[in-house]
Protein chains: 2
Amino acid sequence: MQLTELPYYAVIFTSKRTAGDNGYSDMAERMEALCKDQTGFLGMDHARNEIGITISYWKTLDDIKAWKAHTEHLEAQRLGYEKWYSFYNVKICKVEREYGWDQL
Amino acid sequence: MQLTELPYYAVIFTSKRTAGDNGYSDMAERMEALCKDQTGFLGMDHARNEIGITISYWKTLDDIKAWKAHTEHLEAQRLGYEKWYSFYNVKICKVEREYGWDQL
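Calculation notes
- Residues numbered from 1 in each chain as written.
- Chains lettered and ligands numbered in written order.
- Predicted model: local features only at pLDDT ≥ 70, side-chain atom pairs only at ≥ 80, totals over all residues.
- Helix = DSSP H or I, 4+ residues; strand = E, 2+ residues; numbered from the N terminus.
- Buried ≥ 20, exposed ≤ 12 C-beta atoms within 10 Å, placed from the backbone.
- Contact = placed C-beta atoms within 7 Å.
- Pairing = 2+ DSSP bridges.
- Least-squares fit on C-alpha atoms with pLDDT ≥ 70 in both.
- Axes fitted to C-alpha atoms, helices over the stretch in contact; angles between N-to-C directions.
- Parallel < 35°, antiparallel > 145°, perpendicular 65-115°, else oblique.
- Left-handed = near helix turned anticlockwise from the far one by under 90°.
- Nonpolar A, V, L, I, M, F, W, Y, C, P; charged D, E, K, R; others polar.
- Core = buried A, V, L, I, M, F, W, Y, C linked by C-beta atoms within 7 Å.

Here we come to the overall build of chain A. In terms of regular secondary structure, chain A is built from three helices and four strands. In sequence order, the secondary structure elements of chain A are arranged as β-α-β-β-α-α-β. Over its C-alpha atoms, taken along the principal directions, chain A stretches across nearly 40 × 30 × 20 Å. Here chain A holds 104 residues, and the buried ones make up 25% of them. When contacts within chain A are restricted to residue pairs at least 6 apart in sequence, those whose partners lie at least 24 apart make up 77%.

A word on the interface of chain B and chain A. If you look at the interface, chain B gives 29 residues, while chain A gives 29 residues. Residue assignment for the side of chain B that touches chain A shows that the elements contributing at least two residues are β1 (8–17), β2 (41–48), β3 (52–58) and β4 (85–100) of chain B. Per element, the largest residue contribution to the side of chain B that touches chain A is 14 residues, and it comes from β4(B). Here eleven bridges tie strand β4 (residues 85–100) of chain A to β4(B), and the two strands are oriented antiparallel to one another. Counted as the bridge partner of A:K94 is B:K94 from β4(B).

A separate point is the relation of the copies chain B and chain A. Turning chain B through 180° and shifting it by 0.0 Å along the axis lays it on chain A, with an RMSD of 0.0 Å. Between the two chains, the operation in question is that of a two-fold axis. Counting the interface residues of chain B, we find that 100% of their copies in chain A are interface residues as well, pointing to one common contact surface.

Before going further, it helps to spend a moment on the packing of helix α1 (residues 24–36) of chain A against helix α3 (residues 71–84) of chain A. All names here are of chain A. The N-to-C vectors of α1 and α3 enclose an angle of 150°; their axes lie 11 Å apart at closest approach. One element, α1, and the other, α3, form an angle in the roughly antiparallel class. Between α1 and α3 lies a crossing of left-handed hand. Touching Y24, M27, M31 and L34 of α1 are E72, H73, A76, L79 and W84, all from α3. When grouped by side-chain class, the residues that make up the contact of α1 with α3 number seven nonpolar, one polar and one charged.

A:Y9, A:A10, A:C93, B:Y9, B:A10 and B:C93 are the most contacted members of the largest nonpolar core, which totals 24 residues. Listing elements by their share of this core, those giving two or more residues are β1 (8–17), β3 (52–58) and β4 of chain A together with β1, β3 and β4 of chain B. If sequence neighbours within four positions are ignored, B:C93 has contacts with A:A10, A:C93, A:K94, A:V95, A:E96, B:Y9, B:A10 and B:I12.

Overall, antiparallel pairing links the eight strands, which are arranged β2(A)-β3(A)-β1(A)-β4(A)-β4(B)-β1(B)-β3(B)-β2(B) in an open sheet. Each edge of the open sheet is held by one strand with a lone partner, namely β2 (41–48) of chain A together with β2 of chain B. Between one strand axis and the next, the sheet turns by 25° as a mean value, whatever way the strands run. In the sheet, β2(A) pairs with β3(A) via seven bridges, with the strands oriented antiparallel.

The next point concerns the environment of A:Q77. Locating A:Q77 in the fold gives a position in helix α3. When the C-alpha positions of A:Q77 and A:G23 are compared, they lie 13 Å apart, and in sequence the two are 54 residues distant.

Let us look at the pairing of β1(B). Residue and element names in this part refer to chain B. The sheet contact formed by β1 and β4 spans ten bridges and is antiparallel. Residue Y9 lies in a different strand from β4, and its bridge partner there is K94. Relative to β3, β1 runs antiparallel, the two sharing seven bridges. In the sheet register, T14 faces β3, and the bridge partner there is I53.

Here it is, written out as structure tokens:
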């Protein structure tokens, strides 16, 4: 995601997966779709090889709190803790400056 | 990287690569090693598949500015723009809150 009015917020989620899918892929797809419908959602970046990094971008901290407390998302967080991740870490960040391809 | 004293700063670098290596891997290795020697460097997370995400963590904004202006890093930025990336975006963020595995 790029070049939105500043400041906005980023949630950096880093994780290591356990072996096997165990329903993870379906839930990840569902969470991505659901996330996009939430108030204040601006976009998402994701990549995974040795570790997974998912960054979601939000207009306000309250939008992030509301998404964290969403019923279906709480269930996904619980299953992540129980089954899908051997490690995870969440960082809540304020995006203060941004530049890109056309702004070197 | 996880669980450092707050606040600290994160640089989120997202990119898409051009085809071929063209010296990219050697430079990426060199930049990672050089980065670790810089004042205020706290750690780094990286993953790439469809897009690449590299997040470096720093104690202060001045540490980030100094790294951006490092002579060898400037040359890497120039080559990235010329040869290695078809897209990139940089976000400078203040990490305001963090929790992880043992702190659900």
